[in-house]
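Chain and residue survey
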Amino acid sequence: MTTTLRPIEPLQQENDGSRSRRYQVCVNSRPVGSVRLGTSAVFGDMVARVLDLRIDEPDRRRGRATVAALAAEEVARSWGCRRLDVAVPAEAEAALRLAGALGYVTRNRNMEKRLDAAPPALPPGSRVRAMRPDEFAVWREADVQEYARQWSDRGVPEAEALAQAHRGQRDTLPDGIDTAGMEFLVLEHAGERAGMLWLAFGTPGEPSRASTPEPSGPEPVYVYHVSTEAALRGRGHGRSLMLHAEARAAAEGRPAVRLNVFAGNTPAERLYASLGYRTAVHHLYKTLL
């Protein structure tokens, strides 16, 4: 049997500058499903994305999705793309197994915690204050460098990662520390700076740092950045910062806290799991040779 992808629409130009196209999955010319491919709004035409892949129920569990995914890789190569990205919801276990079998690697995960009860108070001696403009200027450049490194460590060329980090921060923080809907906070313990927290209230501006917004009702609070001072790590300050994020969300009547964590950041993954955060979406990639 021959499985092919047949275009069913012209190439679409999206509002965010990316392109997309829908294809019919055919076995011996018989339609059995569909695939939608697009380019990346973040990284441009060098990166393709599997936006949707569906196989009709009667044809599932026959290897159709595997062959369709491989055919999608060939289409991406024909577009000149060097990498293929895919986002898989946590509940789509079959799709996650398929991606792993085809050589996709997890780059990051979106995690979420629904807020059912008020978080506990901060430990004695800890307090949170607003970040000062001079602190923000120092942090901002360091954040660009760190964010670029996280991407380059996971398959993105260094120059491309740095350019995206600068572009993403400009888009997300057009007014710097005074950008509407953003809070920059500093944790102090016993009078000593112990860490910082960046919170976003409302629709996030950078999809790589946050997950899909709520379709209606109050938005979750997004933790864009949380870190502790290197000399004070392992003392519970990261937990204090996350508890403060939850307290701010609860105070604003928000239903949940969401965040992004890069694969391999074991201390952060353990912290979030211990606080009750659950994976909502897996983000995977595959380098196209």
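Above this text you will find the structure in question.
Residues numbered from 1 in each chain as written. Predicted model: local features only at pLDDT ≥ 70, side-chain atom pairs only at ≥ 80, totals over all residues. Heavy atoms only, no water.

1. Quick word on the pairing of strand E7 (residues 105-114)
Most of E7 sits inside the fold, with seven of its ten residues counted as buried. One ladder, built from seven bridges, connects E7 with strand E13 (residues 278-287); its direction is antiparallel. Bridge pairing in E13 links valine 105 to tyrosine 285. Where E7 meets strand E12 (residues 256-262), seven bridges bridge the pair, whose relative direction is antiparallel. Residue methionine 111 lies in a different strand from E12, and its bridge partner there is leucine 259. (Buried < 20%, exposed > 50% of the residue type's maximum accessible area, 1.4 Å probe, protein only. Helix = DSSP H or I, 4+ residues; strand = E, 2+ residues; numbered from the N terminus. Pairing = 2+ DSSP bridges.)

2. Section: helix H5 (residues 237-251)
Across its 15 residues, H5 extends 21 Å between first and last C-alpha, which sits within 8% of the 21 Å expected from 1.5 Å per residue. Among the 15 residues that make up H5, eleven are buried, leaving the element largely enclosed by the rest of the structure. (Expected span 1.5 Å × (residues − 1).)

3. Considerations on the pattern of salt bridges
Pairs may arise between side chains of opposite charge once their charged atoms sit close together. Taken as a whole, this structure holds 29 salt bridges when the rule is applied. Residue glutamate 14 is joined to arginine 36 by a salt bridge in which the shortest nitrogen-to-oxygen separation is 3.4 Å. Placement of the pair is glutamate 14 in the loop between strand E2 (12-13) and strand E3 (19-27) and arginine 36 in strand E4 (residues 30-40), with a sequence separation of 22 residues. With a relative accessible area of 27%, glutamate 14 lands in the partly exposed category. (Salt bridge = Lys/Arg side-chain N within 4 Å of Asp/Glu carboxyl O.)

4. Focus: the packing of aromatic side chains
Applying the stated criterion to the full structure yields eleven aromatic pairs. A centroid spacing of 5.1 Å and a plane angle of 65° characterise the contact between phenylalanine 43 and tryptophan 151, whose relative ring orientation is edge-to-face. Placement of phenylalanine 43 in the loop between E4 and strand E5 (44-55) and of tryptophan 151 in helix H3 (residues 133-152) is noted, with a sequence separation of 108 residues between them. For phenylalanine 43, a relative accessible area of 10% translates into the label buried. Residue tryptophan 151 is classed as buried on the basis of its relative accessible area, which comes to 4%. Measuring from ring centre to ring centre gives 5.5 Å for tryptophan 139 and phenylalanine 184, while their planes differ by 55°; the resulting arrangement is tilted. With tryptophan 139 in helix H3 and phenylalanine 184 in strand E9 (residues 182-189), this pair connects stretches of sequence that are 45 residues apart. Clustering of aromatic rings is evident, with ring pairs tying together Phe136, Trp139, Phe184, Trp198 and Tyr224. The side chain of arginine 19 reaches across the aromatic face of tryptophan 79, ending 5.8 Å from its centre. (Phe/Tyr/Trp six-rings, centres within 6.5 Å; stacked < 30°, edge-to-face > 60°. Lys NZ or Arg CZ within 6 Å of the ring centre and 35° of its normal.)

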